[in-house]
Each structure stands twice: as C-alpha cells, then as structure tokens.
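Residues per chain, in single letters:
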Amino acid sequence: MRDWNTADLIHFYTALRDAHGLQHWWPADTAFETIIGAILAQNVSWRGARQAVCALQEADLMDADILYQAGQDTIAPLIRSSRYYNQKARKIMTFLSWFLETCDGDVSRMASLPTDQVREELLNLSGFGPETVDSILLYALEKPVFVVDAYTRRIGSRQGWFEDDASYDQMQEFFMNRLSPDVPLYNDYHAQIVYLGNKLCKKTPLCSICPVRDTGSTRCQYARPE
Ligand code: SF4
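Residues numbered from 1 in each chain as written. Predicted model: local features only at pLDDT ≥ 70, side-chain atom pairs only at ≥ 80, totals over all residues. Heavy atoms only, no water.

For the chain, the name recorded in an unreviewed UniProt entry is DNA-3-methyladenine glycosylase III, with Methanospirillum hungatei JF-1 as its organism.

Structure below.
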C-alpha cells in the first residue's frame, strides 16, 4: 500500500470531476432544509430522503419553530419514505430542541459558533453519528470538514488509501491531513465519491469504465482486468 500525497488526491478528484461533472451538492433551498435533509438521509437512498423533505415542505413545516411545535407524531407519517421514520422524527425533535435553545433557531448563529464546539455538541445528541454531523457542518454551515461514508471505505480500501477496517476518524484524517481546508473542494470531493460508489465502484465494480482505474498518476490496486 503506497502513501498517497496531496497531488495524487487532487489528480484523483479531477479525473472524477472531468468524467462526471460537478455534483452540485447539497440540493436544498436553505441551510435549515440541508440540516433536516442530512438527518433524513441516514441509511436510505437520496430519493427516499428527498421525498420526505418535500412532504415537510408541502405541509409548510420547513421552519424550526413550526416544525418543533408540530411535534414527533405529526412529523413521523410525513417522512415515511425516509425509512426508520419514527426514529428520524425523534432525531429531528432532538436536534430542534438543541437548535432552538442554543442557536435560537438561527442557522447563521449556529455557523458562528466554533466548529469543534458544534461538532461535539451535535455528536452528543442521541442518534447523531459523525457522518450526519459532518454533513451538517460541511453542507449546511460551510465548514471545512471532510465527510466520509461507506462508499469512501469501499473505494479507499480498493484504491489503497487505507485498510477496509479503518475507523471513521482515520478515513477523515486521511483526507484532512492531505487536502487544504477548502469548502468547495470538500463539498464536491465527497459528492464525487458517492457518485463513484453508487454508479461504478459497486460490490461488483465496473472497472473497465471507471475514470480512476488508471489516471497515469494514480492506479487502483483492486482494478479488475479488462
Ligand atoms: S477501478 Fe474498479 S475497484 Fe477501482 S475505484 Fe474504479 S470501479 Fe472501484
């Protein structure tokens, strides 16, 4: 397993962006909607999460005070498409309780707090893991925090970035130790990895049409023969 440097990682990203175009994440009208979307997107396809976001919008609930007043019993049936909807309704209420008390329901106030403080406080909320919290930090608050997920693990172990049992923190450090803290880069890099994992680097990978199979500067150590 060779060590990847900054230039390798930029080259890898550029190859994906050139092949698939900018991904334009996060598809939401407001930062608050991005936060709710990040909670709803846990362990479900984006399609299911998006349907749930739309249902909350159509019910005129996409506002922190209004959503909190509506309560868990109203939210849960509306977000059924996001799976585990009772759990997710509870998580939304947990977040809103913290958000209203700590930030007065104001995303810009939340963004003005130190990143480490917000990260720690959100991780202390019941049901909030690092992927959801870091998605909120990067995509809603525009903080330079790299998001990793199951696709990152699969692609990273195949490319030779880290072992397939690397922890969340180890995977995140791999990127953050090599890439400068650049929000637009972190935004699209994670989105490109999700696209690659979803479309090409599947359980049975489609290596023959993969743009990062062999870029000249980097080569996938797992790539299947043509
Ligand atoms: S070459 Fe194959 S294994 Fe490597 S990243 Fe592409 S699809 Fe995945």
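So, next bit.
### Observations regarding the domain arrangement of the chain
For the chain, the assigned domains are domain 1 (6-24 + 147-209) and domain 2 (31-140). Computed from C-alpha coordinates alone, the two centres of domain 1 and domain 2 are separated by 25 Å. Across the interface of domain 1 and domain 2, roughly 690 Å² is buried in total on both sides, 63% from carbon and sulfur atoms. Summed over the shared surface of domain 1 and domain 2, the number is zero salt bridges. In this assembly, domain 1 and domain 2 are joined by four residue pairs in polar contact (both at pLDDT 80 or more). Of all the secondary structure elements, the ones that give two or more residues to the side of domain 1 that touches domain 2 are α11 (168-176) and α12 (183-199). Element by element, the count of residues in the side of domain 1 that touches domain 2 is highest for α12, at five residues. Tallied by class, the residues present in the side of domain 1 that touches domain 2 amount to six nonpolar, three polar and one charged. (Domains from an automatic or database assignment. Buried area = accessible area lost by both parts, 1.4 Å probe. Salt bridge = Lys/Arg side-chain N within 4 Å of Asp/Glu carboxyl O. Polar contact = N/O pair within 3.5 Å; in protein donor to acceptor, adjacent residues only side chain to side chain. Helix = DSSP H or I, 4+ residues; strand = E, 2+ residues; numbered from the N terminus. Nonpolar A, V, L, I, M, F, W, Y, C, P; charged D, E, K, R; others polar.)

### Some thoughts on the site of the ligand
Close to the ligand lie R158, Q159, L200, C201, P205, C207, C210, R213, C220, Y222 and A223, which account for all nearby residues. If you map the ligand onto the pockets, it falls in the largest cavity. Class assignment for the residues of the shell around the ligand results in eight nonpolar, one polar and two charged. (Near = heavy atom within 4 Å. 1 Å grid on protein atoms, 1.4 Å probe; cavity = no way out; pocket = protein on both sides within 12 Å on 5 of 7 lines; lining within 4 Å. Sits in = over half its atoms within 2 Å of the grid points.)

### What about the UniProt feature "domain: HhH-GPD" (unreviewed entry) in the chain?
Mapped onto this numbering, the UniProt entry annotates "domain: HhH-GPD" (unreviewed entry) at residues 40-199. Along residues 40-199 the backbone is 68% helical and 0% strand, and the end-to-end C-alpha distance reaches 22 Å. (UniProt positions renumbered as here; feature names shortened; annotations may be inferred.)

### Focus: unusual backbone geometry
With an omega of 0°, the peptide bond between W25 and W26 qualifies as cis. Topologically, W26 is positioned in the loop between α1 (6-20) and α2 (31-40). Backbone geometry at N43 places phi at a positive 55°, although glycine is not the residue there. Secondary-structure assignment places N43 in the loop between α2 and α3 (46-58). You will see that R83, though not glycine, has its phi angle at about 60°, which is positive. Inspection of the secondary structure puts R83 in the loop between α5 (72-78) and α6 (85-103).

### Looking at empty space enclosed by the protein
Tallied over the full model, the rule gives one cavity of 30 Å³ or more. In this model, the largest cavity occupies a volume close to 110 Å³. As for the largest cavity, its lining consists of 15 residues, and the residues nearest its centre are Q159, C201, C207, C210 and C220. Classifying every residue of the lining of the largest cavity gives 12 nonpolar, one polar and two charged. (Points joined across faces, edges and corners; volume = space filled by probe spheres on them.)

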